[in-house]
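Listed below, chain by chain, are the residues.
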Amino acid sequence: MQTVNLYDRIEMDRTEDGVIRTETNLPFVPDGEGNLAWRAAKLLLDEKGIKDGVTIKIRKYIPVAAGMAGGSTDAAAVLVGVNRMFDLGFTKKELMERGVKLGADVPYCIMRGTALSEGIGEILTELPAPPQCHLVIAKPQISVSTKAVYGKLRVNELAPEEHPDIDGMLECLRTKDLKGICDRLENVLETVTIKEYPIIEEVKKHLMDQGAMGALMSGSGPTIFAIFQDKKTADNALKSLRSIEDIKQAYVVRPIR
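Residues numbered from 1 in each chain as written. Predicted model: local features only at pLDDT ≥ 70, side-chain atom pairs only at ≥ 80, totals over all residues. Heavy atoms only, no water.

## With respect to helix H3 (residues 92-99)
Regarding H3, the residues found buried are Leu95, Met96, Arg98 and Gly99. Mapping the buried residues of H3 onto a view down its axis gives an arc of 165 degrees, with all of them on the same face. Its buried side turned inward, H3 meets helix H1 (36-48), helix H2 (70-85), helix H4 (106-111) and strand E5 (123-126). (Buried < 20%, exposed > 50% of the residue type's maximum accessible area, 1.4 Å probe, protein only. Helix = DSSP H or I, 4+ residues; strand = E, 2+ residues; numbered from the N terminus. Arc of directions from axis to C-beta. Contact = heavy atoms within 4.5 Å.)

Written out as structure tokens, the structure reads:
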């Protein structure tokens, strides 16, 4: 798992009326209990018996329902923010332990950086950062249900070459071998999502043709990321995506700690 410099912006204000409110800039993002950020605030305030409330304003930039942990990172930010705003005294480890109650990706989003994720996502090992590179992120105009994708995944039916070489990937991270990292990109969830949405494979091929060292679907999809050694090539690839009608959200980003 890797953090990149594409992020939502969250503003939080403490209130005295005891109400937790969420506001977003996108009409299809749920407010209230349906929003992970709301549930994150309630989790900590209830545990500590805090009677004050909080207003959470979320401006979304991370694509929604895109396999990029956008909701999880918002929840993580609210856990950190509420802890600080109300001076609750939780350590990062304690916040991560509570975050897993909200979603499997939340502990990682608190941790950040480069990490090996095991279990359901709560067993995290910090890893060396990847070598300098640039990524093009492209999201087709479709939304994918993570639950549905996992429900259709048949791990036992996968061929040996469809399983990721995790040990090899870890070694390439340690030795800063960008080509080795790109050669080992693998996502078993592609076996489900690409069958239903061929546009994902089309975009991957397009980005490889534009000079990417490797391209892969992020999470359960449908977002694709492609790795480039230099920013100029990445910028040119981004511009080329205008030729694909189904791509309305695309960015050049870089890995960050």
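Having put the structure on the table, let's press on.
## Some words on the packing of aromatic side chains
Applying the stated criterion to the full structure yields 0 aromatic pairs. Sitting over the ring of Phe90, Lys48 keeps its end group 4.9 Å from the ring centre. (Phe/Tyr/Trp six-rings, centres within 6.5 Å; stacked < 30°, edge-to-face > 60°. Lys NZ or Arg CZ within 6 Å of the ring centre and 35° of its normal.)

## Digging into the packing of H1 against H2
When two helices pack together, their arrangement is given by the angle between their axes and by how far apart the axes lie. Between H1 and H2, whose axes approach to 8 Å, the crossing angle comes to 30 degrees. Between H1 and H2, the angle is such that the two are roughly parallel. Crossing handedness for the pair H1 and H2: right-handed. Counted together, Leu36, Ala37, Ala40, Ala41, Leu43, Leu44 and Leu45 of H1 and Gly71, Ser72, Asp74, Ala75, Val78, Leu79, Val82 and Asn83 of H2 form the full contact between these two elements. (Axes fitted to C-alpha atoms, helices over the stretch in contact; angles between N-to-C directions. Parallel < 35°, antiparallel > 145°, perpendicular 65-115°, else oblique. Left-handed = near helix turned anticlockwise from the far one by under 90°.)

## Some points on the sheet that holds strand E7 (residues 214-217)
Sheet strands associate in pairs through backbone hydrogen bonding, adopting either a parallel or an antiparallel arrangement. A sheet is described by the order of its strands in space; here 4 strands give the open sequence E7-E8-E6-E9, paired in antiparallel fashion. In this open sheet, the two strands that pair with only one neighbour each are E7 and strand E9 (247-253). The sheet shows a mean angle of 20 degrees between the axes of neighbouring strands, direction not considered. Note: strand E6 (residues 134-140) against strand E8 (residues 224-228), 5 bridges, orientation antiparallel. (Pairing = 2+ DSSP bridges.)

Any functional reading would require information that these geometric values do not contain.
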